[in-house]
Amino acid sequence: QVQLVESGGGLVPPGGSPRLSCAASGRTFSSYVMGWFRQVPGKEREYVAAIGWTGTGTSYADSVKGRFTISRDNAKNTVYLQMNNLKPEDTAVYYCAASEGGDFDQGYWGQGTQVTVSS
């Protein structure tokens, strides 16, 4: 079992650069592929980014590539999402997820943190 708690969301102006954190507890953090997803009410959940066990492998959705950076600190059991140059369309609830094999539908999820991009 893995418990995930996101933090770092809030109201951000367009162009802002917040960093989301996801703290994990439970089984060995380094054995999980970690991901970030987001969801807007009435829409399907959208993949944002993922990072491999050691942090050397990352992937991004085209919509955030070049603006967002995912990273992890296995010593702190934490995964981060640095978001730069935020746009209003980035407004969503952001969720952290953990999976041993990369299939997040079979993994663990946090409760989400709201990010609202507005002036």
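Higher on the page you've got the structure.
Residues numbered from 1 in each chain as written. Predicted model: local features only at pLDDT ≥ 70, side-chain atom pairs only at ≥ 80, totals over all residues. Heavy atoms only, no water.

Bringing the side chain of Arg72 into the picture now. With respect to the secondary-structure elements, Arg72 resides in strand β7 (residues 68–73). The buried charged residue Arg72 lacks any salt bridge, with Asp73 as its nearest oppositely charged partner at 8.3 Å. A polar atom in the side chain of Arg72 sits 2.8 Å from the backbone oxygen of Tyr32. (Helix = DSSP H or I, 4+ residues; strand = E, 2+ residues; numbered from the N terminus. Buried < 20%, exposed > 50% of the residue type's maximum accessible area, 1.4 Å probe, protein only. Lys, Arg positive; Asp, Glu negative; His and termini not counted. Salt bridge = Lys/Arg side-chain N within 4 Å of Asp/Glu carboxyl O. Polar contact = N/O pair within 3.5 Å; in protein donor to acceptor, adjacent residues only side chain to side chain.)

Bringing the environment of Tyr94 into the picture now. Within the fold, Tyr94 resides in strand β9 (residues 92–99). Of the residues examined, Tyr94 reaches a relative accessible area of 0% and is grouped as buried. Each C-alpha atom of the pair Tyr94 and Val48 lies 8.9 Å from the other, and the pair is 46 residues apart in sequence. Discounting chain neighbours no more than four positions away, the residues touching Tyr94 are Glu6, Leu20, Trp36, Phe37, Arg38, Val48, Phe68, Leu81, Met83, Gly112, Thr113 and Val115. Here Asp90 takes part through its backbone oxygen, which lies 2.6 Å from a polar atom of the side chain of Tyr94. (Contact = heavy atoms within 4.5 Å.)

The side chains of a regular strand alternate between both faces of the sheet. Only one face of strand β1 (residues 2–7) is buried: it carries Val2, Leu4 and Glu6, and the other face, with Gln3, Val5 and Ser7, is open. Pairing geometry for β1 and strand β3 (residues 19–26), over six bridges, is antiparallel. Following the sheet pairing, Val2 is matched in β3 by Gly26. (Pairing = 2+ DSSP bridges.)

As a further point, take the state of the cysteines. Evaluated as defined, the whole model comprises one disulfide. Here Cys22 connects covalently by a disulfide to Cys96, the sulfurs 2.1 Å from one another. In this structure the cystine formed by Cys22 and Cys96 twists about its S-S bond by roughly -80 degrees; its chirality is therefore left-handed. Of this pair, Cys22 sits in strand β3 while Cys96 is found in strand β9, placing the two residues 74 residues apart along the sequence. Grouping residues by exposure puts Cys22 and Cys96 together as buried. (Disulfide = S-S within 2.5 Å.)

Positive phi values are uncommon outside glycine, yet Asn77 reaches one of about 55 degrees. For Asn77, the position within the fold is in the loop between β7 and β8 (78–83). The partly exposed category is assigned to Asn77, whose relative accessible area is 26%. One non-glycine residue, Asn85, lies in positive phi territory at about 50 degrees.

Attention shifts here to the nonpolar core. Of all hydrophobic cores here, the largest spans 28 residues; its most connected members are Met34, Trp36, Val79, Leu81 and Tyr94. Mapped by element, the contributors of at least two residues to this core are β1, β3, β4 (33–39), β5 (46–51), β7, β8, β9 and β11 (113–117). Considering every element that reaches this core, the biggest residue donor is β9, with four residues. Counting residues in each nonpolar core, the second largest holds five residues, with Phe37, Ala50, Ala97 and Phe104 among its members. (Core = buried A, V, L, I, M, F, W, Y, C linked by side-chain atoms within 4.5 Å.)

For the rest of this paragraph, the subject is the side chain of Ser99. Along the chain, the position of Ser99 falls in strand β9. Reaching out from Ser99, the side chain makes a polar contact with the backbone nitrogen of Asp103 at a distance of 3.0 Å. With residues up to four places along the chain from it excluded, the contact list for Ser99 reads Tyr32, Val33 and Phe104.

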